[in-house]
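What follows is the residue order along each chain.
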Amino acid sequence: MDIEKLIEEGYKKPDEELEDYFKKLYQEFSDNPRVIYEYANVLDYLGKEKEAIPLYREALRKGITGKYRDMC
């Protein structure tokens with residue numbers, strides 16, 4: 001499964017579908033730091049910063065790298 005393609009498809013969704021889409025990705029790929037980061041990013045974008053913070057921390061713990069680590 002191409003994670004980048006799944007993430008790209010998710011960001012094409014309307015705002016009201018973003019959270020559910022990325023939550024499902026997170027549930028399916030909970031060991032992938034990039035998926036965790038993107039779910040946190042969506043929550044942050046939707047104004048749910050308090051819910052996003054633990055996910056950002058989880059992405060860091062699980063080894064997110066590169067520009068995503070910097071943004072995290």
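Given the structure is predicted, the values throughout are model-derived calculations rather than measurements. (Residues numbered from 1 in each chain as written. Predicted model: local features only at pLDDT ≥ 70, side-chain atom pairs only at ≥ 80, totals over all residues. Heavy atoms only, no water.)

### Quick word on the pattern of salt bridges
Then, in step 1: Under the counting rule described, the total for this entry stands at seven salt bridges.
Then, in step 2: Between E8 and K12 there is a salt bridge, and its shortest N-O distance comes to 4.0 Å.
Then, in step 3: Measuring nitrogen to oxygen at the nearest pair gives 3.5 Å for the salt bridge that ties K62 to D31. Placement of K62 in the loop between α4 (49-61) and α5 (66-71) and of D31 in the loop between α2 (15-28) and α3 (33-45) is noted, with a sequence separation of 31 residues between them.
Then, in step 4: On the basis of relative accessibility, which here comes to 63%, the residue D31 falls in the exposed class.
Then, in step 5: Counted as one network, the salt bridges with shared partners bring together E4, R34 and E38. (Salt bridge = Lys/Arg side-chain N within 4 Å of Asp/Glu carboxyl O. Helix = DSSP H or I, 4+ residues; strand = E, 2+ residues; numbered from the N terminus. Buried < 20%, exposed > 50% of the residue type's maximum accessible area, 1.4 Å probe, protein only.)

### As for the packing of aromatic side chains
Then, in step 1: Within the structure shown, the criterion is met by five aromatic pairs.
Then, in step 2: Their ring planes at 75 degrees and their centres at 5.3 Å tell us that Y21 and F22 sit as a pair that is edge-to-face. The pair formed by Y21 and F22 is uniform in burial state, with each residue classed as buried.
Then, in step 3: One Lys or Arg, R34, reaches over the ring of Y68 and ends 3.8 Å from the middle of that ring. (Phe/Tyr/Trp six-rings, centres within 6.5 Å; stacked < 30°, edge-to-face > 60°. Lys NZ or Arg CZ within 6 Å of the ring centre and 35° of its normal.)

### Things to note about the packing of α2 against α3
Then, in step 1: Here α2 crosses α3 at 155 degrees, and the two axes come no closer than 9 Å. Relative to α3, the element α2 is oriented roughly antiparallel. As for the relative orientation of α2 and α3, their crossing is left-handed in sense. Contacts between α2 and α3 involve D15, L18, E19, F22, K23, L25 and Y26 from the former and V35, I36, E38, Y39, V42, L43 and Y45 from the latter.
Then, in step 2: Of the residues in the contact of α2 with α3, the class split is 10 nonpolar, no polar and four charged. (Axes fitted to C-alpha atoms, helices over the stretch in contact; angles between N-to-C directions. Parallel < 35°, antiparallel > 145°, perpendicular 65-115°, else oblique. Left-handed = near helix turned anticlockwise from the far one by under 90°. Contact = heavy atoms within 4.5 Å. Nonpolar A, V, L, I, M, F, W, Y, C, P; charged D, E, K, R; others polar.)

By themselves these figures say nothing about function.
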